[in-house]
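A structural walkthrough
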Amino acid sequence: MTISTAPVIELHSVSKKFGDRMAVDGLDLEVPAGVCFGLLGPNGAGKTTTLRMIYGVTRPTSGTIRVFAMDVGQSTRAVRARLGITLQQNVLIEALSPKENLFVFGRYHLLREPELSRRVEELIDFLELRSHADVPVKRLSGGFQRRLAIALSLVNGPELLILDEPTTGLDPAVRLALWSRIRNLRAAGTTVLITTHYMDEAQRLCDRVAVVSAGKVIRAGAPASLIAALAAETIEFDCSIEEEAALLDGFAEHARRLRIGQRLIIYLANTTGLIDHIRRSDQGDRRPIIVRPTNLEDVYLSLTGTSLEGDA
Ligand SMILES: Nc1ncnc2c1ncn2[C@@H]1O[C@H](COP(=O)(O)OP(=O)(O)OP(=O)(O)O)[C@@H](O)[C@H]1O
Ligand SMILES: [Mg+2]
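Residues numbered from 1 in each chain as written. Chains lettered and ligands numbered in written order. Predicted model: local features only at pLDDT ≥ 70, side-chain atom pairs only at ≥ 80, totals over all residues. Heavy atoms only, no water.

The next point concerns the pairing of strand 11 (residues 233–238). Sheet topology note: the strand 11/strand 13 (residues 263–268) ladder contains 6 bridges and is antiparallel. When the sheet's bridge partners are listed, glutamate 236 is paired in strand 13 with isoleucine 265. One ladder, built from 5 bridges, connects strand 11 with strand 14 (residues 289–293); its direction is antiparallel. Within strand 14, the residue paired with phenylalanine 237 across the bridge is isoleucine 289. (Pairing = 2+ DSSP bridges. Helix = DSSP H or I, 4+ residues; strand = E, 2+ residues; numbered from the N terminus.)

Given below as structure tokens:
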């Protein structure tokens, strides 16, 4: 017997208008229980606005949002009790230490002693804040502040954790440590909704992703299937627009490709034929060529283009 569980988050035809600007435009989204789901998209695509609507701080102009099978607008408090959120801008009490911030947040969530102290200590260890636990927040580096913001979102032991660009500005070691924490939470059954501009992060962490552009989902799926649907291999080299047709002739003229200035990036099932052709055309002049497995950044760029395209 299969037990079908309702999605943790369901958005149907959700739109949000600011003045005459459509920040979110008929968005449909389903986040199943127990997955890490990545919301990806260019600056201004509507990701933060979508997260704010899921948390109930912003009301949609139209459409329905259900979290834990409840209407967010009608059951905001019940939804929030089971949800943790770290928004793009940290919300911290600057004069207080991380420990004091955690206590304030814990009391807000109606935690009582001795559970409250146990939870605070656990989160200080979980996000490795011990060395700075008693330093006022205003004296902490950006990375420590970010870790504290994430710790705060975990105070109520949420079933759903929402993280808006959690690792922006963090050093590589801290990013790796945070990924491992997010994986631990997911393994323990927490559903995670995350936004990030780092496609390596999304590829490593997320079971499913949705790429949004101008307030709409333009592609959704598991990273591995999205990558497989684009092409197994990616080849990159410099070539002028004038050279392009002759270089690709017979080998890749129908392949998906992206040009960024002189750089040509082509997505192919097999690059061997094209490489031989380029070598023959170059007649001994060895043009540097990179061949690598296609990744989620390629999928993202092939869907959204590059913001520099118009300037190239
Ligand atoms: N409070 C607001 N008032 C007016 N416009 C807003 C408001 N909040 C967001 N917007 C607009 O809505 C659009 C979507 O913004 P949003 O912050 O959701 O994008 P985002 O995908 O999170 O971008 P980023 O990757 O830069 O964080 C933008 O055009 C933004 O200017
Ligand atoms: Mg944002």
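On we go.
Quick look at the domain arrangement of the protein now. Partitioning the protein into domains gives domain 1 (9–220) and domain 2 (232–293). Here the C-alpha centroids of domain 1 and domain 2 sit 41 Å apart. (Domains from an automatic or database assignment.)

It is worth spelling out the nonpolar core at this point. Across soluble globular proteins, nonpolar side chains show a tendency to be buried alongside one another. The biggest cluster of nonpolar side chains holds 50 residues, and the ones touching the most others in it are Leu40, Leu102, Ile194 and Leu296. For this core, the element with the most residues is helix 5 (residues 142–153), which contributes 6 residues. Looking at which domains feed residues into this core, each of domain 1 (9–220) and domain 2 (232–293) gives three or more. With near-sequence residues (within four places) excluded, isoleucine 194 lies in contact with Cys36, Phe37, Gly38, Leu39, Leu163, Pro166, Ile182, Glu201, Leu205 and Cys206. Counting residues in each nonpolar core, the second largest holds 29 residues, with Ile9, Val24, Phe68 and Val212 among its members. (Core = buried A, V, L, I, M, F, W, Y, C linked by side-chain atoms within 4.5 Å. Buried < 20%, exposed > 50% of the residue type's maximum accessible area, 1.4 Å probe, protein only. Contact = heavy atoms within 4.5 Å.)

The strand order across the open sheet formed by 4 strands is 12-13-11-14, and the pairing between neighbours is antiparallel. What marks the edges here is a single partner per strand, and that holds for strand 12 (256–260) and strand 14. Each strand of the sheet is rotated relative to its neighbour by a mean of 20 degrees, with strand direction disregarded. Across the sheet, helix 11 (residues 296–304) lies against strand 11, strand 12, strand 13 and strand 14, angled at about 105 degrees from strand 13, the strand it touches most. (Axes fitted to C-alpha atoms, helices over the stretch in contact; angles between N-to-C directions.)

To continue, consider the site of ligand 1. Looking at ligand 1, there are 14 residues lining it, with Arg21, Gly44, Lys47, Thr48 and Thr49 nearest. Within the side chain of lysine 47, a nitrogen or oxygen atom sits 2.7 Å from an oxygen atom of ligand 1. Glutamate 165 places a polar side-chain atom, nitrogen or oxygen, 3.5 Å from an oxygen atom of ligand 1. Compared with its free state, where it exposes 640 Å², ligand 1 has 64% of that area covered by protein. (Near = heavy atom within 4 Å. Polar contact = N/O pair within 3.5 Å; in protein donor to acceptor, adjacent residues only side chain to side chain. Areas by Shrake-Rupley, 256 points an atom, 1.4 Å probe, with all protein chains shown as cover.)

This part is about the coordination of the magnesium ion (ligand 2). The protein atoms that coordinate the magnesium ion (ligand 2) are Thr48 (OG1) and Gln88 (OE1), at distances of 2.0 to 2.2 Å. Of the two residues, threonine 48 sits in helix 1 (residues 47–55) while glutamine 88 sits in the loop between strand 6 (83–86) and helix 3 (98–108), which places them 40 residues apart along the sequence. By relative accessible area, which is 35% here, glutamine 88 ends up partly exposed. (Donors = N, O, S within 2.8 Å, 3.2 Å for Na, K, Ca; no water.)

Mapped onto the fold, asparagine 101 is located in helix 3. Looking at asparagine 101, the relative accessible area reads 2%, which means it is buried. The residues touching asparagine 101, leaving out its near neighbours within four places in the chain, are Leu92, Ile93, Leu96, Val137, Leu148 and Leu152.

Here we take up the pattern of salt bridges. This model, assessed by the stated rule, comprises 20 salt bridges. Across the pair lysine 216 and aspartate 25 runs a salt bridge whose closest N-O atoms are separated by 2.8 Å. Note that lysine 216 is positioned in strand 10 (residues 216–221) and aspartate 25 in strand 2 (residues 21–31), a separation of 191 residues in sequence. A residue is classified by how much of its surface remains accessible, and aspartate 25, at 24% relative accessible area, is partly exposed. The salt bridge involving glutamate 115 is made with arginine 118; its shortest N-O contact spans 3.1 Å. Taken together, the positions of glutamate 115 and arginine 118, both in helix 4 (residues 115–126) and 3 residues apart, correspond to about one turn of that helix. Taking relative accessible area as the criterion, arginine 118 reaches 43% and is therefore assigned partly exposed. (Salt bridge = Lys/Arg side-chain N within 4 Å of Asp/Glu carboxyl O.)

To continue, consider the packing of aromatic side chains. For the structure shown, the criterion picks out 1 aromatic pair. With centroids separated by 6.3 Å and ring planes inclined at 45 degrees, the aromatic side chains of phenylalanine 105 and tyrosine 108 adopt a geometry described as tilted. Pair noted here: phenylalanine 105 and tyrosine 108 are both in helix 3, with a separation of 3 residues, about one helical turn. Residue classification places phenylalanine 105 among the partly exposed positions, given a relative accessible area of 29%. Overall, the relative accessible area of 57% leaves tyrosine 108 in the exposed class. (Phe/Tyr/Trp six-rings, centres within 6.5 Å; stacked < 30°, edge-to-face > 60°.)

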